[in-house]
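# Structural description and commentary
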Amino acid sequence: MTQEIHRLDFKSESERGDLSSFNRRVFDTIDRDGAVIVERALESDIMEGIVSEMQPYIDATPHGLHGLANSRRVGALVARSPSSHRAIAHPTVLDVCERILGQQARMGNEVQVIQAPRGKGKYPWRLGLTQVIDVGPGQTRQPVHRGNGLWVHNLAGHNIDPQVETMWALSDFCEENGATHVVIGSHRWPDVVDPSEHQTMTWYQESDFPTVQASMPKGSVLIWTGWTVHGAGANNSQSRRLGMNIDYSLSFLSQEENQFLACPPRLAKTLSREMQHLIGYSQPAGALNYFADCLPPRYSLLEDYDVLVPGAHGMKRASDLSHE
């Protein structure tokens, strides 16, 4: 019998005023199963706002750009959809990221920090991907896979979590319209290597593994680790299924979606401090991520800074921004 994805209700817990124990249960479930559904994480009108803001970009995007003939994938949500910031910076999601990525707290992980920027045993992390996925009728099932294969290097043997992935339901997800398939417990599988290619396998034959689909109402979010085997389902309905894929990764790895191009400085300077930090305008450790004259990234957002002006760094001391 296929195990179900465990569900927790955000709204009922948040109304009680203390999310600390709730967030811990969310993490514990992911640690145990590899995935969890947080229902009623955001109100439906926020989801509708995201769709409204993104609809012109969705309509202008051709189908099939990612090899899925009846689907469209549209990114740059930080710049294009202010409403999406509520999901990107959702407190429970960020808490999960801090535990899984920052603290590497999942059972079996072995944190080997050389320099801890914000306290012993922590890794810096940031936003890695923002994308609306619009799945149309007739779209076939996506092969199940692990998300951690995108960096080419085999990270599986290092006992480390490089990525946390989420899928927000912008519309109701059900089996008929292709709700995401998840293989419960697959985050604990040993590394799988193709002996003929000597490469880590990140894509799997769907018939080999029992999956369960993440049916969930609009405003819910599925959270899983980059090691958890998953894949989009087939849309056998007559309506489109809209989801929002938001991923987070360790700061020393390249972002899947280049946030500095997706949200350039002229737009990034208008964002909240938290959102600037999430997309990468921070210097998380030592010399990591500085630019020009050893300046912290947020320096580039100053109205009067011009990298082509000699001495421009003297207009404000870099130390004034380094800890912002």
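Since this is a predicted model, take the numbers as computed values, not measurements.

The next point concerns the pairing of strand β12 (residues 241–250). Counted residue by residue, β12 has ten buried out of ten residues, so it is predominantly covered. Relative to β12, strand β5 (residues 163–169) runs antiparallel, the two sharing seven bridges. The residue bridging tryptophan 168 from the neighbouring strand is methionine 244, located in β12.

Among the nonpolar cores identified, the biggest contains 55 residues, and Val26, Val38, Trp168, Ile223 and Tyr248 are the most heavily contacted of them. Excluding residues within four positions of it along the chain, valine 26 makes contact with Leu8, Val36, Val38, Thr92, Val96 and Ile223. Among the nonpolar cores identified, the runner-up in size contains 16 residues, and Val135, Phe173, Ala179 and Val212 belong to it.

So, on to the sheet that holds strand β4 (residues 125–135). The strand order across the open sheet built from seven strands is β1-β2-β10-β5-β12-β4-β3, with neighbouring strands paired in mixed fashion. Bordering the open sheet on either side are β1 (7–9) and β3 (71–75), each of which pairs with just one other strand. The mean inter-strand angle of the sheet, taken between neighbouring strand axes irrespective of direction, is 25 degrees. As judged from the five bridges shared by β3 and β4, these two strands associate in the antiparallel manner. Paired with glycine 75 across the bridge in β4 is glutamine 131. In the packing of helix α2 (residues 20–33) onto the sheet, the strands contacted are β1, β2 (35–39) and β10 (221–225), and the crossing angle to β2 comes to about 150 degrees.

Of note, glutamine 104 is a non-glycine position whose phi angle comes to about 50 degrees, a positive value. Tracing the chain through its elements places glutamine 104 in the loop between α6 (91–102) and β4. Residues other than glycine seldom take positive phi values, yet asparagine 289 does so here, at roughly 80 degrees. Using a relative accessible area of 28% as the deciding quantity, one classes asparagine 289 as partly exposed.

On to the side chain of histidine 145. Mapped onto the fold, histidine 145 is located in the loop between β4 and β5. Separated by 3.0 Å, the side chain of histidine 145 and the backbone oxygen of proline 143 make a polar contact.

So, how was this worked out
Residues numbered from 1 in each chain as written. Predicted model: local features only at pLDDT ≥ 70, side-chain atom pairs only at ≥ 80, totals over all residues. Heavy atoms only, no water. Buried < 20%, exposed > 50% of the residue type's maximum accessible area, 1.4 Å probe, protein only. Helix = DSSP H or I, 4+ residues; strand = E, 2+ residues; numbered from the N terminus. Pairing = 2+ DSSP bridges. Core = buried A, V, L, I, M, F, W, Y, C linked by side-chain atoms within 4.5 Å. Contact = heavy atoms within 4.5 Å. Axes fitted to C-alpha atoms, helices over the stretch in contact; angles between N-to-C directions. Polar contact = N/O pair within 3.5 Å; in protein donor to acceptor, adjacent residues only side chain to side chain.

Geometry only, nothing functional implied.
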